[in-house]
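# Observations on the three-dimensional arrangement
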Amino acid sequence: LPLPPRLKLGHQLDGLQVEEILHDSRETLLYRVRHERNGQQLVLKTLQPVLEGDAAASTALLMEAWRARRVVSPHFPQIVPAEDKSCLYYLMTWHAGATLQARLDADQHFPVGEVVRLGIGLLKGIGALHRLDIVHRDIKTDNVHLGQDGVLRILDLGVALSLAEHKPGDPVGQAGTPSFMAPELFADPSPAFGHDLYAAGVTLYHLLTRK
């Protein structure tokens, strides 16, 4: 399928109306959309139009959607089937709220008891991934969302890797955010479950200390 054009507020695609541009990075675009038929709000993720014809980027998006579909957990946005797609994208559930980093930036402070509660949810989510042999590889405050419903959800499987599909000798690109990465990753980017746990520890430390 071709990539969709860059969408603006009010634009429609396959019966989905764009209500907000959530994320606009070098490679990906996320929109909050509303399904015209049933009124459901969803998140649409696709690639930047300039990546049209980039087979590696398209394959990476498809694999990301495939991994996300496997993760059936309250601690992750859930994949929503899209019928009769005209373009390359996938849909996820939308949850009102904000990332932990956005809350820190808004000067919200997290007491110890709240950090413990969030830590339990974060580790349950990571555990759900690891039971599927998936390493997230970029756990950080920007990728952890706290919904208005009080549920913690882990975002962005864009650099996640399934160890079951990874063969010895396959190239593994560097992934992660330096301040949250286990030190050994700077010498060897090979993914391991423990790296997600290290990053989770840094995330909780950041919530407690703002450092």
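Look up a bit, the structure's there.
Residues numbered from 1 in each chain as written. Predicted model: local features only at pLDDT ≥ 70, side-chain atom pairs only at ≥ 80, totals over all residues. Heavy atoms only, no water.

Before going further, it helps to examine the side chain of His-136. With respect to the helices and strands, His-136 occurs in the loop between β8 (134-135) and β9 (144-147). From its side chain, His-136 meets the backbone oxygen of Leu-155 in a polar contact 2.9 Å long. In this structure His-136 touches Leu-129, Asn-143, Ile-154, Leu-155, Asp-156, Leu-157, Val-159, Ala-160 and Asp-196, once residues within four positions along its chain are discounted. (Helix = DSSP H or I, 4+ residues; strand = E, 2+ residues; numbered from the N terminus. Polar contact = N/O pair within 3.5 Å; in protein donor to acceptor, adjacent residues only side chain to side chain. Contact = heavy atoms within 4.5 Å.)

As a further point, take the pattern of salt bridges. Within this structure, the stated rule accounts for eleven salt bridges. With its nearest N and O atoms 3.5 Å apart, the salt bridge here joins Asp-156 to Lys-45. Placement of the pair is Asp-156 in the loop between β10 (152-154) and β11 (161-162) and Lys-45 in strand β4 (residues 41-47), with a sequence separation of 111 residues. Here Arg-153 makes a salt bridge to Asp-149, at a shortest N to O gap of 2.8 Å. (Salt bridge = Lys/Arg side-chain N within 4 Å of Asp/Glu carboxyl O.)

The next subject is the pairing of β4. Of all seven residues that make up β4, six are buried, and the element is covered over most of its length. With seven bridges connecting them, strand β3 (residues 28-35) and β4 associate as antiparallel partners. Bridging from a neighbouring strand, Leu-30 pairs with Lys-45 of β4. In textbook terms, the turn of a hairpin is the stretch between consecutive antiparallel strands, and for β3 and β4 this stretch comprises five residues, one of which, Gly-39, has a positive phi near 75°. Bridge count for β4 against strand β6 (residues 90-93) is four bridges, and the pairing is antiparallel. Bridged to Lys-45 within β6 is Tyr-90. (Buried < 20%, exposed > 50% of the residue type's maximum accessible area, 1.4 Å probe, protein only. Pairing = 2+ DSSP bridges.)

Before going further, it helps to spend a moment on the pairing of β3. Most of β3 is tucked away, with seven of its eight residues classed as buried. Looking at chain direction, strand β2 (residues 16-24) and β3 are connected through seven bridges and run antiparallel. Within β3, the residue paired with Val-18 across the bridge is Val-33.

Turning our eyes to something else, we now look at unusual backbone geometry. With a phi close to 70°, Asp-107 is a non-glycine residue in the positive phi region. For Asp-107, the location among the structural elements is in the loop between α2 (100-105) and α3 (112-131). Given a relative accessible area of 51%, Asp-107 falls into the exposed group. Even without glycine at this site, Asp-156 takes up a positive phi of about 65°.

Without other data, these values stay purely geometric and don't point to any function.
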